[in-house]
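# Chains, contacts and geometry: an overview
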Amino acid sequence: MLKTLITGGSGFLGSHLCDRLIRDGHDVLCVDNFFTGSKANIAHLIGNPYFEVLRHDVTFPLYVEVDQIYNLACPASPIHYQHDPVQTTKTSVHGAINMLGLAKRTKARIFQASTSEVYGDPEVHPQTEEYWGRVNPIGIRSCYDEGKRCAETLFFDYHRQHDLDIKVVRIFNTYGPRMHPNDGRVVSNFIVQALKGEDITIFGDGQQTRSFCYVDDLIEGFVRMMGTEQGFTGPVNLGNPGEFTMLELAEKVLQLVGGKSKLTFHLLPQDDPKQRQPDIAMAKSKLGWEPGVNLEDGLKETIGYFRRLLG
Ligand code: NAD
Ligand code: UDP
Ligand code: UDP
């Protein structure tokens, strides 16, 4: 039985990964400081003899014996990662050093949840893994973007210098049940606003694009990446290439929820990327992976979740 550590395991993606690995027969250790994660996301796993939770901040060393590590700890939404930007950089950088140190000592395979934000506001479209990105190093998104870029650097230096078995994925916008209702991300915002009959808040003119991947597809990509042969490190883009403007997303949500919300327009946040779409050729060829859930079906599942949550 594989002993698998998941940092950030009580968050949105982490909790789905806990579910999946428990189903696959792993002995799971979920490590989280509960900054943005919640006990409710993993409550149903408590009591399972192969599931364990540890309240711990990854910026501090951690000594446990494991076979595999998935490093997901890091707040992911702009309002949360900008709340304490120094802690965000520490989480990505010190957290990576500690988890890499742990992987080095235990000889564990280690996976890094990187992000499409490493491409910044991209001039290459769609984004391929070869593209180096266009990131502002001193802006309000930099704590997240540069923290994640530095974490990638650390992963590749531990790989070159200490022969660590690393797996790096770059995740594009992902949505689904267990997103935090107040974390300000666009899919959760629009759905919650529509369900409450409040105005839909479009930032800028709504012509900026994103590509939205449903959580179950993404988790399948994680597991496939972790199962690739030693020596294949990535980085690999994981995301759904379907590209939508924020106006299109708002209209789709309104059509599925119904109700009488109006669209309202607000200032575009600083350094907000204008477009983002993954090139997933590498994921297709190396992992045999591509997303199967289209936006409409994924939104229906997510709307159902928020309907239950909001009562
Ligand atoms: P999330 O905020 O729900 O989960 C992050 C988890 O990490 C939370 O449970 C939080 O409490 C925990 N955490 C934060 N700082 C910590 C620390 N110092 N020590 C221990 N735990 C800590 O976000 P998510 O959407 O589930 O994202 C998970 C990972 O995937 C993150 O690394 C994020 O950068 C990455 N990612 C997510 C997306 C997406 O669209 N959801 C896109 C790109 C990358
Ligand atoms: N570390 C950890 N758990 C371990 C092994 C190491 O948290 O099981 C931390 C340790 O605190 C160190 C970091 O990982 O600061 C990097 O470890 P490494 O062995 O690469 O560096 P060194 O200890 O030589 O500084
Ligand atoms: N956005 C929006 N209204 C909102 C929240 C976000 O129009 O209520 C926009 C935001 O400006 C960005 C896009 O939606 O262009 C995606 O934002 P999110 O924070 O979800 O992800 P990221 O910018 O990190 O891709």
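As shown above, the structure is provided for reference.
Everything in this summary refers to the structure shown in the same document. (Residues numbered from 1 in each chain as written. Chains lettered and ligands numbered in written order. Predicted model: local features only at pLDDT ≥ 70, side-chain atom pairs only at ≥ 80, totals over all residues. Heavy atoms only, no water.)

### Examining the site of ligand 2
Condition: Any residue with at least one heavy atom within 4 Å of a molecule or strand is counted as near it. N or O atoms within 3.5 Å of each other form a polar contact, as long as, within protein, one can give a hydrogen and the other can take it, and as long as residues adjacent in sequence are counted only when both atoms are side-chain atoms. Runs of E in the DSSP output that reach at least two residues are strands. Runs of H or I that reach at least four are helices, and both are numbered from the N terminus. Just so you know the grouping, Ala, Val, Leu, Ile, Met, Phe, Trp, Tyr, Cys and Pro go in nonpolar, Asp, Glu, Lys and Arg go in charged, and all remaining residues, Gly too, go in polar.
In the neighbourhood of ligand 2, the contacting residues comprise Pro61, Leu62, Tyr63, Ile97, Asn98, Gly101, Leu102, Lys104, Arg105 and Tyr158. Residue lysine 104 places a side-chain N or O atom 2.8 Å away from an oxygen atom belonging to ligand 2. Ranked by residue count, the leading element in the shell around ligand 2 is helix α3 (residues 85–106), at 6 residues. Looking at side-chain class alone, the shell around ligand 2 contains 6 nonpolar, 2 polar and 2 charged residues.

### Some thoughts on the layout of surface pockets
Condition: Using only the protein atoms, space was sampled on a 1 Å grid; points where a 1.4 Å probe fits but cannot get out form cavities, open sets with protein on both sides within 12 Å along at least five of seven lines form pockets, and lining residues are those with an atom within 4 Å of a point. Grid points are joined across faces, edges and corners, and a volume is the space filled by probe spheres set on the points.
Of the voids in this model, the second largest pocket is the one considered here, and its volume is about 220 Å³. Ranked by residues supplied to the lining of the second largest pocket, first place goes to helix α4 (residues 142–162) with 4 residues. Taken together, the residues of the lining of the second largest pocket break down into 6 nonpolar, 1 polar and 5 charged.

### Here's the deal with the nonpolar core
Put simply, the rule is: Residue types Ala, Val, Leu, Ile, Met, Phe, Trp, Tyr and Cys, when buried and joined through side-chain atoms within 4.5 Å, form a set referred to as a nonpolar core. Buried means the residue's accessible area, taken with a 1.4 Å probe over protein chains only, is under 20% of the maximum for its type, while exposed means over 50%, and partly exposed covers the values in between. Only heavy atoms matter for contacts: two residues are in contact if any of them lie within 4.5 Å across the pair.
Formed by 56 residues in total, the largest nonpolar core has its most connected members in Leu17, Tyr70, Phe111, Phe222, Leu238, Leu249 and Leu299. With near-sequence residues (within four places) excluded, phenylalanine 111 lies in contact with Ile69, Tyr70, Asn71, Leu72, Phe155, Lys167, Val169, Phe222, Met225 and Met226. Listed in part, the 25 residues of the second largest apolar core include Val64, Ala73, Val93 and Leu164.

### Brief notes about the site of ligand 1
Every one of the 30 residues lining ligand 1 counts as a neighbour, but Leu13, Asp32, Thr36, Tyr144 and Lys148 are closest to it. Here a nitrogen atom of ligand 1 sits 3.3 Å away from a polar atom, N or O, in the main chain of asparagine 33. One nitrogen or oxygen atom from the side chain of threonine 36 is found 2.6 Å from an oxygen atom belonging to ligand 1. Among the secondary structure elements, those contributing two or more residues to the shell around ligand 1 are α1 (12–23), α3, β5 (109–115) and α4. If you tally residues by element for the shell around ligand 1, the top one is β5, at 3 residues. When grouped by side-chain class, the residues that make up the shell around ligand 1 number 13 nonpolar, 13 polar and 4 charged.

### Some thoughts on the sheet that holds strand β11 (residues 236–238)
By definition, the strands of a sheet pair up through backbone hydrogen bonds, in either a parallel or an antiparallel sense. To keep things clear, this is the line we draw: Following DSSP output, two strands are said to pair if at least two bridges run between them. The axes used here are C-alpha line fits, helices contributing only the stretch in contact, and every angle between their N-to-C directions lies in the interval 0 to 180 degrees.
Here 7 strands make up an open sheet; going across it, the order is β3-β2-β1-β4-β5-β6-β11 and the pairing parallel. If you trace the sheet from one side to the other, it starts and ends with β3 (51–55) and β11, each paired once. Across this sheet, the average inter-strand angle for adjacent strands is 20°, counted without regard to direction. Strand direction decides the pairing type here: β5 and strand β6 (residues 166–171), joined by 6 bridges, are parallel. Note on β6: the bridge partner recorded for glutamine 112 is valine 168. Contacting β5 and β6, α4 runs over the sheet at an angle of about 155° to β5. Set on the sheet, helix α6 (residues 215–226) makes contact with β4 (68–71), β5, β6 and β11; between it and β6 the angle comes to about 160°.

### What to know about the side chain of arginine 20
Within the element layout of this structure, arginine 20 appears in helix α1. A relative accessible area of 17% means that arginine 20 is categorised as buried. Ignoring anything within four residues of it in the chain, the contact list for arginine 20 reads Ile219, Glu220 and Val223.

### Focus: the packing of aromatic side chains
Under the convention used in this document: Here a Phe, Tyr or Trp ring, Trp counted by its six-membered ring, pairs with any other such ring whose centre lies within 6.5 Å, and the pair is stacked when the planes are under 30 degrees apart, edge-to-face when over 60, and tilted otherwise.
The full count for this structure, using the stated rule, is 8 aromatic pairs. Both rings, one in tyrosine 81 and one in tyrosine 144, keep their centres 4.4 Å apart while their planes meet at 10°; by these two values the pair is stacked. Note that tyrosine 81 is positioned in helix α2 (residues 78–81) and tyrosine 144 in helix α4, a separation of 63 residues in sequence. Note on accessibility: tyrosine 81 and tyrosine 144 belong to one class, buried.

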